Number of protein chains: 2
Amino acid sequence: MARADSVRNRRNILDSTRELLAANGEQVGMDEIAAHAGVAVGTLYRHFPTKTDLIDAAMAELTSSLVELVAVAADRVEAGADPVEAMTGLLRTFVGLAAQDRAVKAAAEGLASDSLRELEERGWGQLQRIVDVAHAQGALHADITTADLALLVATAPTEAVPVESRERWIALAMRSVTA
Amino acid sequence: MARADSVRNRRNILDSTRELLAANGEQVGMDEIAAHAGVAVGTLYRHFPTKTDLIDAAMAELTSSLVELVAVAADRVEAGADPVEAMTGLLRTFVGLAAQDRAVKAAAEGLASDSLRELEERGWGQLQRIVDVAHAQGALHADITTADLALLVATAPTEAVPVESRERWIALAMRSVTA
DNA sequence: ACCTGAACACCGTTCAAGT
DNA sequence: ACCTGAACACCGTTCAAGT
């Protein structure tokens, strides 16, 4: 039953990585992750050839759940919800996550691996649905595209920016985009 | 004449640091800096207690020259130049520098030491002069302050964002700020 | 097949010895 | 006083030995 061990280890490693990443940023030690996951360092390297690969894998899971959020919002908007409110909400969620979790921001900046890039593209596809509805309602400047929103997300404030300023940033960002 | 050596060494160390920082980002090795400056590692530590201190010192010099740019622009605006154009120009200069020089962005994010913080405040003071003229002309949304501009600068794109997108970011940023 | 953990390599930092 | 560079500490990575 060595196989079951391996699967469980992989799961524990990814969970520990996500957890420690959110708390400490990217300078978590491999030993620390290993200890937290209850395995030896070598096991980390058996599952992921390098620290970067491990972090990428953990972020891919995280990105996946973010994409899910966008998809849900897109469904709502196509069912009649206000697209500008939806966009503002997503931006707020994202900034909140990015502030408490450096990994989110890193994922958005796309220092990312190929699998991550693919995931992100799916995310922008979902966002496109919201933008389409917004344009149909004339809610955005005519020239605004999802690339512009990608730009805003890529430049969203991190935890280096004080909390009070983050909501203000969202307001300015939405102002630059709405008609 | 040991004293003259010391002064020259300090200058060489700071110059080498700036140069290697611009090229390689913050992961330059201390040995590398030492070699480039023509001294032994120990000499680096004699002048700067830690790598962070060394980098801070190099960035303080850089920030100082940025503040000078803002001051010059403020003079021009008070002499009748268009404030919005001046702001756009400063933003463009800043983004260009930040893209080719990671140190600039780090300085703007103010992970900074006290001396750096002081310098930055002087910079914002200069910027205030431009904002005042712009408001007198009704060129900005009434609620815009230098704090908002600080927010934009803090979230300006780095070299991770492709060149084509950077000018677009400037356009969006100015759009969020102008009346 | 998979796991362990001691050993290696690299880089920031220190310090005894030189001038 | 200041400089040198070998030595130390820390952390990512490897690999011989275990099961």
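Quick notes on the rules
- Residues numbered from 1 in each chain as written.
- Chains lettered and ligands numbered in written order.
- Predicted model: local features only at pLDDT ≥ 70, side-chain atom pairs only at ≥ 80, totals over all residues.
- Heavy atoms only, no water.
- pLDDT = per-residue confidence, 0-100.
- Helix = DSSP H or I, 4+ residues; strand = E, 2+ residues; numbered from the N terminus.
- Axes fitted to C-alpha atoms, helices over the stretch in contact; angles between N-to-C directions.
- Left-handed = near helix turned anticlockwise from the far one by under 90°.
- Contact = heavy atoms within 4.5 Å.
- Nonpolar A, V, L, I, M, F, W, Y, C, P; charged D, E, K, R; others polar.
- Core = buried A, V, L, I, M, F, W, Y, C linked by side-chain atoms within 4.5 Å.
- Buried < 20%, exposed > 50% of the residue type's maximum accessible area, 1.4 Å probe, protein only.
- Salt bridge = Lys/Arg side-chain N within 4 Å of Asp/Glu carboxyl O.
- Least-squares fit on C-alpha atoms with pLDDT ≥ 70 in both.
- Near = heavy atom within 4 Å.
- Polar contact = N/O pair within 3.5 Å; in protein donor to acceptor, adjacent residues only side chain to side chain.
- Buried area = accessible area lost by both parts, 1.4 Å probe.

Peer 1: Quick question: what am I supposed to make of the confidence of the model for chain A here?
Peer 2: Low pLDDT means the predicted atomic positions in that stretch should not be read closely. Chain-level statistics for chain A give a pLDDT mean of 88 and a share of 91% at 70 or above. Mean pLDDT values over the elements of chain A span from 63, in helix α6 (residues 102–109) of chain A, up to 97, in helix α3 (residues 41–47) of chain A.

Peer 1: For this particular structure, what's the right way to read the packing of helix α5 (residues 83–100) of chain B against helix α9 (residues 163–175) of chain B?
Peer 2: Packed helix pairs are characterised by how far apart their axes lie and by the angle those axes make with each other. Residues and elements named next belong to chain B. Relative to each other, α5 and α9 sit at 145 degrees, their axes nearing to 10 Å. When you trace α5 past α9, the crossing you get is right-handed. In contact with Val-84, Met-87, Thr-88, Leu-91, Arg-92, Val-95 and Ala-99 of α5, α9 contributes Arg-166, Glu-167, Trp-169, Ile-170, Ala-173 and Met-174. When its residues are assigned to classes, the contact of α5 with α9 shows nine nonpolar, one polar and three charged.

Peer 1: Help me understand the nonpolar core, please; the structure alone is not making it clear to me.
Peer 2: One recurring pattern in soluble globular proteins: nonpolar side chains tend to sit buried together. Membership of the largest hydrophobic core comes to 66 residues, with the highest contact counts inside it found for Ile130(A), Trp169(A), Ile130(B) and Trp169(B). When residues no more than four places from it in sequence are discounted, the contact partners of Ile130(A) are Val70(A), Ala73(A), Ala74(A), Val77(A), Pro83(A), Met87(A) and Leu90(A). In this structure, Leu14(A), Ala37(A), Phe48(A) and Leu116(A) belong to the second largest nonpolar core, which totals 21 residues.

Peer 1: For this particular structure, what's the right way to read the pattern of salt bridges?
Peer 2: Under the criterion given, the structure shown has 18 salt bridges over all chains. With a closest N to O distance of 2.3 Å, Glu167(A) and Arg92(A) form a salt bridge. Of the two residues, Glu167(A) sits in helix α9 (residues 163–175) while Arg92(A) sits in helix α5 (residues 83–100), which places them 75 residues apart along the sequence. Given the relative accessible area of 40%, Glu167(A) is considered partly exposed. The network of salt bridges with common partners includes Asp143(A), Asp148(A), Arg168(B) and Arg175(B).

Peer 1: When you look at the relation of the copies chain A and chain B in this model, what are you seeing that I'm missing?
Peer 2: Copies of the same chain, two in number, are related to each other by a rotation about an axis and a translation along it. Once chain A is rotated about the relating axis by 180 degrees and shifted along it by 0.0 Å, it coincides with chain B to within an RMSD of 0.0 Å. Here the two chains are linked by the operation of a two-fold rotation axis. Distance from the rotation axis, computed per C-alpha, reaches its smallest value in chain A at Ser176(A): 2.1 Å.

Peer 1: Even after reading the chapter, I still don't get the protein's contact with DNA strand D, so can you show me in this structure?
Peer 2: The environment of DNA strand D is formed by 15 residues, the closest being Met30(A), Tyr45(A), Asn9(B), Ala40(B) and Thr43(B). Near the protein, within 4 Å, the atoms of DNA strand D are sugar or phosphate in 69% of cases. At 3.0 Å, a backbone N or O of Lys51(A) approaches a phosphate oxygen of DNA strand D. Contact between DNA strand D and Ala40(B): a phosphate oxygen at 2.8 Å from a main-chain N or O atom of the residue. Of all the elements, helix α3 (residues 41–47) of chain B adds the most residues to the surface near DNA strand D, at four residues.

Peer 1: Would you take a moment to explain helix α8 (residues 146–154) of chain B for this structure?
Peer 2: Because the α-helix completes a turn every 3.6 residues, residues three or four places apart line up on one side. Residue and element names in this part refer to chain B. Along α8, seven of the nine residues are buried, which leaves the element largely enclosed by surrounding structure. Every buried residue belonging to α8 is among Thr-146, Asp-148, Leu-149, Leu-151, Leu-152, Val-153 and Ala-154, and all of these are buried. In this structure Thr-145 caps α8, since a side-chain oxygen of it lies 3.2 Å from the backbone nitrogen of Ala-147.

Peer 1: What is the right way to read the interface of chain A and chain B from this model?
Peer 2: The extent of an interface is frequently quoted as the accessible surface area lost upon association of the parts. Taken together, the contact pairs 15 residues of chain A with 15 residues of chain B. Regarding the contact of chain A and chain B, the summed buried area is about 1600 Å², with carbon and sulfur atoms giving 63% of it. Summed over the shared surface of chain A and chain B, the result is six salt bridges. Residues Asp148(A) and Arg168(B) are paired through a salt bridge, measuring 2.6 Å at the closest nitrogen-oxygen approach. For the interface between chain A and chain B, the tally reads eight residue pairs in polar contact (both at pLDDT 80 or more). Mapped onto the side of chain A that touches chain B, the elements with two or more residues apiece are α8 (146–154) and α9 of chain A. By residue class, the composition of the side of chain A that touches chain B is seven nonpolar, four polar and four charged.

Peer 1: Explanation requested: the environment of Thr178(B) in the structure shown.
Peer 2: Residues and elements named next belong to chain B. Examined against the element boundaries, Thr-178 turns out to sit in the segment after α9. A relative accessible area of 19% means that Thr-178 is categorised as buried. Along the chain, Thr-178 and Pro-162 lie 16 residues apart, while their C-alpha atoms are 25 Å from each other. If sequence neighbours within four positions are ignored, Thr-178 has contacts with Val-84, Ala-139, Leu-140 and His-141. A polar contact of 2.9 Å, which involves the side chain of Thr-178, links it to the backbone oxygen of Met-174.

Peer 1: What is the right way to read the side chain of Thr146(B) from this model?
Peer 2: Residues and elements named next belong to chain B. Relative to the assigned elements, Thr-146 resides in helix α8. Under the relative-accessibility criterion, Thr-146 is labelled buried at 15%. When residues no more than four places from it in sequence are discounted, the contact partners of Thr-146 are Trp-124, Leu-127, Gln-128 and Val-131.

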